Amino acid sequence: MIEMDARDSDSLLEEAAGWHARLAAPDCSPAERTQFDLWRASSPSHIEACARVQSAADAVERLVSHDPQLRALSDEAYAMARAGTNPYSQKQRRWALPAALAASLVIALVGLKFGSRLIGQPLHPVVYENSSVGKITLEDGSIVHMDVNSRISVLMSPKRRQVELLAGRALFEVTHDASRPFSVIAGNARTTDLGTRFQVDRTHECVVVTLAEGAVVVDSTLSAQHWQEHLSPGEQLEVSPNTSSHHKRVVELLAATSWSRGRLVFRATPLARAVEEVNHYAVKKLRIADPSLTGLSVSGNFVAGDSELAASAFAAVLPIRVVDGGTEIILVPGRADSSP
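Numbering of residues starts from 1 in each chain and follows the order in which that chain's sequence is written. Note on the predicted model: pLDDT of at least 70 is required for a residue's local features to be given, and 80 or more for side-chain atom pairs to be given and counted; whole-chain, interface and lining totals, by contrast, use all residues. Side-chain calculation: all heavy atoms of the structure are included, whereas hydrogens and water are not.

Student: What is the right way to read the overall build of the protein from this model?
Tutor: If you tally the helices and strands in the protein, you get nine helices and 18 strands. Contact between two residues is taken to exist if any of their heavy atoms lie within 4.5 Å; hydrogens are not considered. Taking the intrachain contacts of the protein between residues at least 6 apart in sequence as the baseline, contacts between residues at least 24 apart amount to 47%. As displayed, the protein offers around 17,000 Å² of accessible surface, 54% of which is attributable to carbon and sulfur atoms. Under the DSSP-based scheme used, a helix requires at least four consecutive residues in state H or I and a strand at least two consecutive residues in state E, with every element numbered from the N terminus. We get accessible surface area from the Shrake-Rupley algorithm with a probe of 1.4 Å; when it comes to residues, only the shown protein chains can shield them.

This is the structure:
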């Protein structure tokens, strides 16, 4: 590689970037292209400067669509070009006004500022984690509703959109992009969006995928145990970890996704499971004192986080009593109106 003198490097790169922008303009004339060819061939340093600008532009073109910092710099560069304050010569500055040329200058300016850092650098995932129920919007416009204590890793590239659910539960509202598949990996299960709204829940016991709208295909990430399942709205797939065991069932979507709206909806849910869901959001936890109560069935619609109201509602319809244990709420056998 030819090394440019540090004193001349910036000016040569700026000049090469100016040519890069001009050549991309729709009104670039044959005479100007000939002039560029002569300028480029006049010095090995000119050839090297053009190569650097082209590499930087290629890198930025790949990354600017999903890097917030680069998008901000692109906007800044575009504004500079429109205002005539870009660092090029007066002759080059008059080229900056056409819209098509301004777009090229954006790439060139950003590439010069960050090209050396970006070229050849791998894309790195961005990790999001929530201590409470929350919502994030990804760079492609897709929305992720994250449950309490959930964590995801997001990797966006020009060819794919990949999310890994590291812990917890998330509901995805995916913006359709046929050129970039959207997939969610959880354990040994990969869910690929076909234009949809779906939920993935990862626990120590299993991974559960629930489809609310559209279509998804779920397959195994284990090459030795490959399988594939297509889901329709209202269907749920439960996948056992590290095995090919999986089974599909029909569920009530309102109950399965109610947490994302701040509610807990139970439909003939075992008391043990209902208590687990209530405790997931509550400061004051419920505790079942007698194992004989765990299989009792409960239905209802509750506010997530209100464990006292949930316990009172359970006691109103089940043969249990509520005992205030100070730091916890204890559910014991007996009717709510019976004496301790």
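What follows picks up the thread again.
Student: Sorry if this is basic, but what is going on with helix α8 (residues 271–281) here?
Tutor: Count 3.6 residues to each turn of an α-helix, and residues three or four apart come out pointing the same way. We call a residue buried when its accessible area falls under 20% of the maximum for its residue type, exposed when it is over 50%, and partly exposed in between, using a 1.4 Å probe and counting protein chains only. Of the residues making up α8, those classed as buried are L271, A274, V275, E277, V278, N279 and Y281. Looking at the packing, one finds that the buried side of α8 touches β5 (161–173), β14 (263–270), β15 (285–288), β16 (297–303), α9 (307–317) and β18 (328–333).

Student: Help me understand the pattern of salt bridges, please; the structure alone is not making it clear to me.
Tutor: When the charged atoms of two side chains with opposite charge come close together, those side chains can pair. Salt bridge, as applied in this entry: a Lys or Arg side-chain nitrogen positioned within 4 Å of an Asp or Glu carboxyl oxygen. With the rule as written, the count across this model stands at 17 salt bridges. Residues R273 and E277 are paired through a salt bridge, measuring 3.4 Å at the closest nitrogen-oxygen approach. Pair noted here: R273 and E277 are both in helix α8, with a separation of four residues, about one helical turn. The class for E277 is buried, based on a relative accessible area of 11%. The partner of E328 in a salt bridge is R287, with the nearest N and O atoms 3.0 Å apart. On the criterion of sequence distance, the pair formed by E328 in strand β18 and R287 in strand β15 is long-range, its members being 41 residues apart. A relative accessible area of 23% means that E328 is categorised as partly exposed. Owing to a relative accessible area of 36%, R287 belongs among the partly exposed residues under this scheme.

Student: Please clarify how the pairing of strand β2 (residues 134–137) should be interpreted in this entry.
Tutor: Successive residues of a regular strand alternate their side chains across the two faces of the sheet. Here a strand pair is declared whenever DSSP counts at least two bridges between the two strands. One ladder, built from four bridges, connects β2 with strand β3 (residues 143–146); its direction is antiparallel. Bridge pairing in β3 places G134 opposite M146. Adjacent in sequence and paired antiparallel, β2 and β3 are bridged by five residues, among which G141 carries a positive phi angle near 95°.

Student: Please explain the packing of aromatic side chains as it appears in this structure.
Tutor: The geometry of an aromatic ring pair is captured by the separation of the ring centres together with the interplanar angle, meaning the angle of the planes. Stacked, edge-to-face and tilted are the three classes for Phe, Tyr and Trp ring pairs, Trp counted by its six-membered ring, which pair at centre distances within 6.5 Å; planes under 30 degrees apart are stacked, over 60 edge-to-face, the rest tilted. All chains considered together, the criterion is met by seven aromatic pairs. Between W19 and F36, the aromatic rings sit 5.5 Å apart at their centres with planes inclined by 50°, giving tilted as the arrangement. In this pair, W19 sits in helix α1 (residues 6–24) while F36 sits in helix α2 (residues 30–41), placing the two residues 17 residues apart along the sequence. Judged by centre distance (6.4 Å) and plane angle (35°), the ring pair of W19 and W39 falls under tilted. A residue pair is termed long-range when its members are at least 10 positions apart, and W19 in helix α1 and W39 in helix α2 qualify at 20 residues. Of the two residues, W19 and W39, both sit in the buried class.

Student: It is not clear to me how the nonpolar core should be interpreted in this structure. Could you clarify?
Tutor: Grouped burial of nonpolar side chains is what soluble globular proteins tend to show. We define a nonpolar core as any set of buried Ala, Val, Leu, Ile, Met, Phe, Trp, Tyr and Cys residues linked to one another through side-chain atoms lying within 4.5 Å. Residues F172, F182, F198 and V200 are the most contacted members of the largest nonpolar core, which totals 27 residues. Secondary-structure elements contributing two or more residues to this core are β3, β4 (150–156), β5, β6 (182–186), β8 (197–202), β9 (207–213), β10 (216–220) and β12 (235–239). No other element matches the four residues that β5 contributes to this core. Leave out the neighbours within four places in its chain, and V200 touches L165, G168, R169, A170, F172, V184, A186, T191, V207, V208 and V209. Of all hydrophobic cores here, the second largest spans 23 residues; its members include L271, V275, I288 and F302.

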